[in-house]
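Structure at a glance
Residue-level listing of the chains:
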Amino acid sequence: PHLGNIIGAVLSGDCYARYCRLKGENTLYICGTDEYGTATETKALAEGLTPQQICDKYHQLHAQVYQWFNISFDYFGRTTTSQQTEIAQDIFWKVHNNGFTVEQTV
């Protein structure tokens, strides 16, 4: 993660989560690494690693940076877990089966 991401998104979310917790509100602050896509494959090729190895490397790096900043995530996950995949696919199929997707050729 870069400083702009931490200051612009993560830190502000952390401050708000801490504020909500102090007020006694039921608060869940979650984040994670997105481990799919061309950027992952490109970075893996550039570093001579597999996509899974690059994901493992950068997930750990992100976790260490957020720990250093004392970010109070309740859960810091990964998009490559079986649970994440199952949930995302379930949402997609519900949307698709209810006619909210469109297939087009560009």
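Per chain, residues are indexed from 1 in the order of the written sequence. This being a predicted model, a pLDDT of at least 70 is required before a residue's local features are given, and a value of 80 or more before pairs of side-chain atoms are given or counted; all residues contribute to the totals for chains, interfaces and linings. Excluded from the side-chain calculations are hydrogens and water; all other atoms, namely the structure's heavy atoms, are used.

Numbering of helices and strands starts at the N terminus; helices are DSSP runs of H or I of at least 4 residues and strands are runs of E of at least 2. The number of helices and strands found in the protein is four helices and two strands. The order of α-helices and β-strands along the protein, N terminus first, is α-β-α-α-β-α. Restricting the calculation to C-alpha atoms gives the radius of gyration, and the globule rule supplies 2.2 Å times the number of residues raised to the power 0.38. Scaling as 2.2 N^0.38, a compact globule of 106 residues should have a C-alpha radius of gyration of about 13 Å, whereas the protein reaches 17 Å, well beyond that. With the C-alpha coordinates aligned to their principal axes, the bounding extent of the protein is approximately 50 × 40 × 25 Å. A buried classification covers 22% of the 106 residues belonging to the protein. To measure how exposed things are, a 1.4 Å probe is used in the Shrake-Rupley method; for residues, cover is taken only from the protein chains shown. Accessible surface for the protein amounts to roughly 8,100 Å². Of this, 57% is attributable to carbon and sulfur atoms. Counted as positive: Lys and Arg. Counted as negative: Asp and Glu. His and the chain ends are not counted at all. To locate a charge, the coordinates of NZ of Lys, CZ of Arg, CG of Asp or CD of Glu are taken. Computed over 7 positive and 11 negative side-chain charges, the inter-centroid distance for the protein is 9 Å. For every residue, the accessible area obtained with a 1.4 Å probe (protein chains only) is divided by the maximum for its type, and the residue is called buried under 20%, exposed over 50%, and partly exposed between those limits.

A few words on the packing of aromatic side chains. Working definition: a ring pair exists when centres of Phe, Tyr or Trp rings (six-membered ring for Trp) sit within 6.5 Å. Plane angles under 30 degrees give stacked, over 60 give edge-to-face, the rest tilted. Enumeration according to the criterion identifies seven aromatic pairs in this entry. Here the aromatic rings of tyrosine 16 and tyrosine 19 are separated by 6.4 Å at their centres, their planes lie at 35°, and the arrangement is tilted. Of this pair, tyrosine 16 and tyrosine 19 both sit in helix α1 (residues 3–22), three residues apart, which is roughly one turn of that helix. Overall, tyrosine 16 belongs to the exposed group, its relative accessible area being 54%. Ring geometry for tryptophan 68 versus phenylalanine 69: centroids 4.9 Å apart, planes at 80°, classification edge-to-face. Residue tryptophan 68 is classed as exposed on the basis of its relative accessible area of 69%. An aromatic cluster of at least three residues, connected via ring pairs, comprises Tyr29, Tyr66, Phe73 and Phe76.

Our next topic: the pattern of salt bridges. The working definition used for a salt bridge is a side-chain nitrogen of Lys or Arg within 4 Å of a carboxyl oxygen of Asp or Glu. Enumeration over the complete set of coordinates arrives at eight salt bridges. Measuring nitrogen to oxygen at the nearest pair gives 3.0 Å for the salt bridge that ties lysine 23 to glutamate 25.

So, about the packing of helix α2 (residues 38–47) against helix α3 (residues 51–68). Each axis is a line fitted through C-alpha atoms, taken for helices only over the stretch in contact, and angles between the N-to-C directions span 0 to 180 degrees. Remark: α2 packs on α3, axes separated minimally by 8 Å, with the N-to-C direction vectors making an angle of 95°. Classified by the angle their axes make, α2 and α3 are roughly perpendicular. Residues Thr40, Lys43, Ala44 and Glu47 of α2 lie in contact with α3, whose contacting residues are Pro51, Ile54, Cys55, Lys57 and Tyr58. In this count, Pro and Cys sit with the nonpolar residues alongside Ala, Val, Leu, Ile, Met, Phe, Trp and Tyr, while Asp, Glu, Lys and Arg are called charged and the others, Gly among them, polar. Residue composition of the contact of α2 with α3, grouped by class: five nonpolar, one polar and three charged. For this classification, under 35 degrees means roughly parallel, over 145 means roughly antiparallel, 65 to 115 means roughly perpendicular, and everything else is oblique. Pairs of residues are marked as contacts when any of their non-hydrogen atoms sit within 4.5 Å.

Below, the discussion takes up the layout of surface pockets. Space inside the largest pocket adds up to approximately 360 Å³. Only protein atoms enter the calculation, which uses a 1 Å grid: trapped sets of points that fit a 1.4 Å probe without letting it out are cavities, open sets showing protein on both sides within 12 Å along at least five of seven lines are pockets, and any residue with an atom within 4 Å of a point is a lining residue. In this structure, the largest pocket is lined by 20 residues; those nearest its centre are Thr33, Asp34, Thr40, Tyr58 and His62. Contributions of two or more residues to the lining of the largest pocket are made by α1, β1 (30–33), α2 and α3. Taken together, the residues that form the lining of the largest pocket break down as 10 nonpolar, seven polar and three charged. Grid points are joined across faces, edges and corners, and a volume is the space filled by probe spheres set on the points. Taken as a whole, the second largest pocket holds about 240 Å³ of empty space. Lining the second largest pocket are Ile30, Cys31, Gly32, Thr33, Tyr75, Gly77, Arg78, Thr79, Thr81, Gln83, Gln84 and Ile87. Elements with a minimum of two residues in the lining of the second largest pocket: β1, β2 (75–78) and α4 (82–97). Sorting elements by how many residues they give to the lining of the second largest pocket places β1 first, with four residues. When its residues are assigned to classes, the lining of the second largest pocket shows four nonpolar, seven polar and one charged.

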